[in-house]
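# Survey of secondary and tertiary structure
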Amino acid sequence: MMRSLPLSKGELKEPQQKLRLMVQKRGPLKYLSHLEFSRVFLRACRRADIPLAYSQGNRSLPRISFGPALPVGIESEGERVDLRLTISLAPEEVRSSLNSKLPEGMQVVSCQEVLDSFPPPQDPWKFEIVLNLVGQGPTLRLVGRSRSFHEKAVADLLDQEEILISKPKNGISKMVNIRPSIENLHLTDVQELQVVLELELRPGSSGNSLEEVIRKLYSLNPDENISLEIKKYRN
């Protein structure tokens, strides 16, 4: 059986292979923080005996890198994870081994070998956002609105040069313009009690502004509760 964790410095080996994985995160696991997600994945690597390479130095760490942090509560069809291994393995073998050890709701959906210098994906982040029009909340006024009403709201938002939101920093609220981070926004479906939109954020943008985009779209106050279901598409 392969051993992934070196017992001494003498056993540290140079990476021989880099694999890029896309990991699905669904159901209750969407509430894992980025740190918790990384710990669960590393534990699965160890249980599956994946021969991870480790960094040099007094405190050796596994050569694993994760994509940008996703806000808590958002499902994802593909979170990027890069592994560096001490031996070359078939990507499908690694995918199958990991899936046998990952918890329900987390699954490796793709695994491919890449060059060590291969850069991270630069495609926009794509999100499906479902706004539920429920109860007696602030979205009640949107119930029964026509598709053209929602399309106009989207067009008006994208026409703005600035979309300012308040962000706390060091105990002080600071106004931030999130318009440059929005690549595109369009309406995909309108039902009596749901509005479905697709939002694209430019690479490097923070997913923490997703709810604020919807609030600005329909002029909803920050202190008003709204019901959103958000899923990140696989790049």
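Up top you'll find the structure we're talking about.
Attention in this report is confined to the structure presented alongside it. Keep in mind it's a predicted model, so treat the numbers as computed, not measured. (Residues numbered from 1 in each chain as written. Predicted model: local features only at pLDDT ≥ 70, side-chain atom pairs only at ≥ 80, totals over all residues. Heavy atoms only, no water.)

Moving on, we come to the overall build of the chain. When helices and strands are counted, the chain shows four helices and ten strands. Put simply, the chain runs from its N terminus to its C terminus through helices and strands in the order β-α-β-β-α-β-β-α-β-β-β-β-α-β. Along the first, second and third principal axes, the C-alpha atoms of the chain reach 65 × 35 × 30 Å. Among the 235 residues that make up the chain, the fraction classed as buried is 40%. Within the chain, counting contacts between residues at least 6 apart in sequence, those at least 24 apart form 70% of the total. Here the chain has roughly 13000 Å² of accessible surface; of this, 48% comes from carbon and sulfur atoms. (Helix = DSSP H or I, 4+ residues; strand = E, 2+ residues; numbered from the N terminus. Buried < 20%, exposed > 50% of the residue type's maximum accessible area, 1.4 Å probe, protein only. Contact = heavy atoms within 4.5 Å. Areas by Shrake-Rupley, 256 points an atom, 1.4 Å probe, with all protein chains shown as cover.)

With that settled, consider the pairing of strand β3 (residues 75-85). In terms of burial, β3 is a largely internal element, ten of the eleven residues being buried. In terms of strand pairing, strand β1 (residues 17-25) meets β3 through eight bridges, oriented antiparallel. Across the sheet, residue K25 finds its bridge partner in β3, namely S76. In this sheet, β3 lies alongside strand β2 (residues 64-66) in antiparallel orientation, the contact comprising three bridges. Within the sheet, the bridge partner assigned to F66 lies in β3 and is V81. (Pairing = 2+ DSSP bridges.)

Here the focus is unusual backbone geometry. The phi dihedral of D49 falls on the positive side, at around 55°, and the residue is not glycine. Its place among the elements puts D49 in the loop between α1 (34-47) and β2. Even without being a glycine, S219 presents a positive backbone phi close to 55°. Structurally, S219 is set in the loop between α4 (210-217) and β10 (227-232).

One pass over the full model with this rule turns up eleven salt bridges. With its nearest N and O atoms 3.2 Å apart, the salt bridge here joins D82 to R80. Given a relative accessible area of 3%, D82 falls into the buried group. Residues joined in a network through salt bridges with shared partners are K18, R20, R80 and D82. (Salt bridge = Lys/Arg side-chain N within 4 Å of Asp/Glu carboxyl O.)

Right, let's talk about the layout of surface pockets for a bit. In this structure, the largest pocket occupies an estimated 510 Å³ of space. Around the largest pocket sit 23 residues that line it, and N208, L210, E211, E212 and R215 are the ones nearest its centre. In terms of residue count, the dominant contributor to the lining of the largest pocket is α4 (five residues). In terms of residue class, the lining of the largest pocket is made up of twelve nonpolar, five polar and six charged. (1 Å grid on protein atoms, 1.4 Å probe; cavity = no way out; pocket = protein on both sides within 12 Å on 5 of 7 lines; lining within 4 Å. Points joined across faces, edges and corners; volume = space filled by probe spheres on them. Nonpolar A, V, L, I, M, F, W, Y, C, P; charged D, E, K, R; others polar.)

Quick look at the nonpolar core now. Within the largest apolar cluster, 29 residues are counted, with the highest numbers of intra-cluster contacts made by F127 and Y218. Mapped onto this core, the elements with two or more residues apiece are β5 (125-132), α3 (147-158), β8 (182-191), β9 (194-201) and α4. The next biggest cluster of nonpolar side chains, apart from the first, holds 26 residues, and it includes V40, L42, C45 and L85. (Core = buried A, V, L, I, M, F, W, Y, C linked by side-chain atoms within 4.5 Å.)

Now for empty space enclosed by the protein. Throughout the structure, instances matching the rule amount to one cavity of 30 Å³ or more. Considered as a void within the structure, the largest cavity measures approximately 40 Å³ in volume. Residue lining of the largest cavity: K25, H34, F37, L70 and E79, and that is the complete set. Looking at side-chain class alone, the lining of the largest cavity contains two nonpolar, one polar and two charged residues.

The next subject is the side chain of H150. Tracing the backbone through its elements, the reader meets H150 in helix α3. H150 sits in the buried class, given a relative accessible area of 1%. At a separation of 2.7 Å, a polar atom in the side chain of H150 contacts the side chain of Y218. H150 has contacts with L142, R145, L187, V190, V195 and Y218, leaving out every residue within four places of it along the chain. (Polar contact = N/O pair within 3.5 Å; in protein donor to acceptor, adjacent residues only side chain to side chain.)

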